[in-house]
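# Commentary on secondary and tertiary structure
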Amino acid sequence: MSKIPHEIITDIFQQLPVKSLLRFRSLSKPICSLIDGPDFIKVHLYHSITAKSNHSVILKEWDLFTVDFDTLSDAVEVKHHPLYAAGGTEVIGSVNGLVFLRHSERNLAVYNLSTREWKKCFVVEIKPPRRDLITGYVYYGFGYDSVGDDYKVVRMAQFVREDEGGGGGGGGGGGGSLGCEYEVRVYSLKNDKWKKIEDLPICLKLLSKQFFHVLHRRGYGVFAGHALHWIVPQRRQLGTRDCVLGFDIRNDKFFELPQPNYESKGMSFQVDVGVLEGNLCVMCNYEHVCVDVWVMREYGMKESWCKMFSVQGIKWIGAFMFLRPLIYSKDGGKVLLEVNDEKLVWYDWKNKHAKVVKIRGGPNSYGSEMYVESLVRINNGDRNGWKKQQEIDEEEEKRKADRKKRDNFLSVGFKLKL
């Protein structure tokens, strides 16, 4: 290593997948120090994001699966995450290679899928402020505080009157009462502590609408810029329109984000929020017939909203109940869409052509989340999780090799008999 310039080694290593880098740590102490260093971790993550390398799509159903973005062919079940034994684990969000997992309000964890490092979150119990209230829907969001270099979880617990019903800890509709109350807390991964937010906006009372946030996982905040975002759905009886509610995780402040000047098209529409390669986007759904996708090119600036494309007229999709853009193709000519919680679709917006992505071994219906491999640390100790996973991977490779030898042997024997 001493004969090779440091810059060349870094340039080569930043292009490699995390799995290879973790194995290379055992080559020498200098290489191990390089790979574990905070500067290289940032360089490797930046290269992966900008080059669209080391990307996967997480398929979220009762079980979790990943699909390599370069091939989009075979789904692999994620069996060894910290909440796996419980089943029914949800991915709330993914930032810089870390995912936030939830199985229940008492069972939360942050996990690096690539290094297998994880941390169970200390949990502050959700307690209704009065006896006549019960817990309704519980909203979550996961993001990165670049100022404090900290990963944070936002939890917004709704409380409704017992006679109005509730979500039973986040699993139901949460009701649509305007008389509900909220408790908002922010969890710091660095400090393993929760902080209660006192200054809550009035519009938070309008956040919950019967079953709105349960459908299509709308209750999970979308991270873009420096904030998490939720849609406060329109209330026609009150004369209010859809609102994009933001929460700045740097200063723990709520704010309302300016929206684009939507086209009317003579139809009513519903707004959803998403993120497309780091930029906030909104999807304007016109009566499930047509969806316009707008992207905010300069965060926080209303005039930077740009209508990127419109999706409509796909014969084999009866209705656009829900549509979310995930990522552009590497050549920039297509965009990968999640449609109706049941399929991924490559869409060429210039030629108005759509093609279903056929994934083998995955669930029939799912939500999806983009994920980028990274070396980002969760704990300060040694990397122990990946060692166990490496042993599992090696055992699986051995089983595959044994099966191939057996199949080849049987094939030869069959030909000899003929």
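Because the structure is a prediction, the values reported are computed rather than measured.

What follows covers the confidence of the model for the chain. Residues of the chain with pLDDT of at least 70 account for 87%, and the chain-wide mean is 88. Note on residues 167-173: pLDDT is under 50 here. Beyond four places in sequence and across chains, it has 23 contacts.

Moving on, we get to a nonpolar patch on the surface. On the surface, Ile4, Ile8 and Ile12 cluster together into a nonpolar patch covering about 270 Å² of accessible area. Positionally, Ile12 belongs in helix 1 (residues 6-13). Overall, the relative accessible area of 46% leaves Ile12 in the partly exposed class.

The next point concerns unusual backbone geometry. A positive phi angle is found at Asn96, which is not glycine, with a value near 55°. Tracing the chain through its elements places Asn96 in the loop between strand 4 (90-95) and strand 5 (98-104). In the Ramachandran plot, His288 falls in the positive-phi region, its phi being about 65° despite a non-glycine side chain. Tracing the backbone shows His288 in the loop between strand 17 (279-286) and strand 18 (290-296).

Bringing the pairing of strand 10 (residues 181-188) into the picture now. Burial analysis of strand 10 places 7 of its 8 residues in the buried class, the great majority of the element. Taken together, the 8 bridges between strand 9 (residues 150-161) and strand 10 define a ladder with antiparallel strand orientation. What sits directly across from Gln158, in strand 10, is Tyr182. Counted between consecutive antiparallel strands, the loop separating strand 10 from strand 11 (residues 193-197) contains 4 residues, among which Asp192 sits at a positive phi close to 55°.

Looking now at the pattern of salt bridges. Here the structure, examined in full by the defined rule, presents 24 salt bridges. Across the pair Arg155 and Glu183 runs a salt bridge, and its minimum N-O distance is 3.6 Å. Of this pair, Arg155 sits in strand 9 while Glu183 sits in strand 10, placing them 28 residues apart in sequence. Each member of the pair, Arg155 as well as Glu183, carries the same accessibility label: buried. Ionic pairing is found between Glu342 and Lys343, a salt bridge with its closest N-O pair at 2.9 Å.

Right, let's get into the environment of Val76. Mapped onto the fold, Val76 is located in strand 3 (residues 75-77). For the pair Val76 and Leu59, spaced 17 residues apart in the sequence, the C-alpha separation amounts to 9.6 Å. When neighbours within four sequence positions are excluded, Val76 is seen to be in contact with Leu64, Phe65 and Thr66.

Let us now look at the sheet that holds strand 13 (residues 227-232). Judged by pairing direction, the sheet is antiparallel, and its 4 strands sit side by side in the order 12-13-14-15 without closing on themselves. This sheet does not close on itself; its edge strands, each paired only once, are strand 12 (222-224) and strand 15 (253-257). Shown here is a sheet whose adjacent strand axes are inclined to one another by a mean of 35°, direction ignored. Two elements, strand 14 (residues 243-248) and strand 15, share 5 bridges in a ladder whose sense is antiparallel. Each residue of the ladder has a partner; that of Leu245, found in strand 15, is Glu256.

Below, the discussion takes up the sheet that holds strand 2 (residues 64-68). The 4 strands lie next to each other as 3-2-1-24, forming an open sheet whose pairing is antiparallel. Two strands in the sheet have a free side with no partner beyond their single neighbour: strand 3 and strand 24 (367-372). Ignoring which end each strand starts from, the neighbouring axes of this sheet average 30° apart.

The next thing to look at is the packing of aromatic side chains. Throughout the structure, instances matching the rule amount to 16 aromatic pairs. Their ring planes at 45° and their centres at 6.3 Å tell us that Tyr139 and Tyr182 sit as a pair that is tilted. In this pair, Tyr139 is assigned in strand 8 (residues 133-145) and Tyr182 in strand 10, connecting sequence segments 43 residues apart. Taken as a pair, Tyr139 and Tyr182 share a single burial class, namely buried. Ring geometry for Tyr262 and Trp294: centres 6.3 Å apart, planes at 90°, overall edge-to-face. Residue Tyr262 is found in the loop between strand 15 and strand 16 (269-276), and its partner Trp294 is found in strand 18; the two are separated by 32 residues along the sequence. The same class applies to Tyr262 and to Trp294, which are both buried. Here the aromatic residues Phe100, Tyr140, Phe142, Tyr144 and Tyr151 are joined through ring pairs into a cluster of three or more. Sitting over the ring of Trp194, Arg155 keeps its end group 4.8 Å from the ring centre. Note that Lys334 overlies the ring of Trp346, its terminal NZ or CZ placed 5.9 Å from the centroid.

A few words on helix 1. Listed in full, the buried residues belonging to helix 1 are Ile9, Thr10 and Phe13. Down the axis of helix 1, the buried set is contained in an arc of 100°. They therefore lie on one face. Structurally, helix 1 contributes buried residues whose contacts are with helix 2 (18-24), helix 3 (29-36) and helix 4 (38-51).

About the cut-offs
- Residues numbered from 1 in each chain as written.
- Predicted model: local features only at pLDDT ≥ 70, side-chain atom pairs only at ≥ 80, totals over all residues.
- Heavy atoms only, no water.
- pLDDT = per-residue confidence, 0-100.
- Contact = heavy atoms within 4.5 Å.
- Patch = residues over 30% accessible without salt bridge, like charges linked within 9 Å, V, L, I, M, F, W, Y side chains within 5 Å.
- Areas by Shrake-Rupley, 256 points an atom, 1.4 Å probe, with all protein chains shown as cover.
- Salt bridge = Lys/Arg side-chain N within 4 Å of Asp/Glu carboxyl O.
- Helix = DSSP H or I, 4+ residues; strand = E, 2+ residues; numbered from the N terminus.
- Buried < 20%, exposed > 50% of the residue type's maximum accessible area, 1.4 Å probe, protein only.
- Pairing = 2+ DSSP bridges.
- Axes fitted to C-alpha atoms, helices over the stretch in contact; angles between N-to-C directions.
- Phe/Tyr/Trp six-rings, centres within 6.5 Å; stacked < 30°, edge-to-face > 60°.
- Lys NZ or Arg CZ within 6 Å of the ring centre and 35° of its normal.
- Arc of directions from axis to C-beta.

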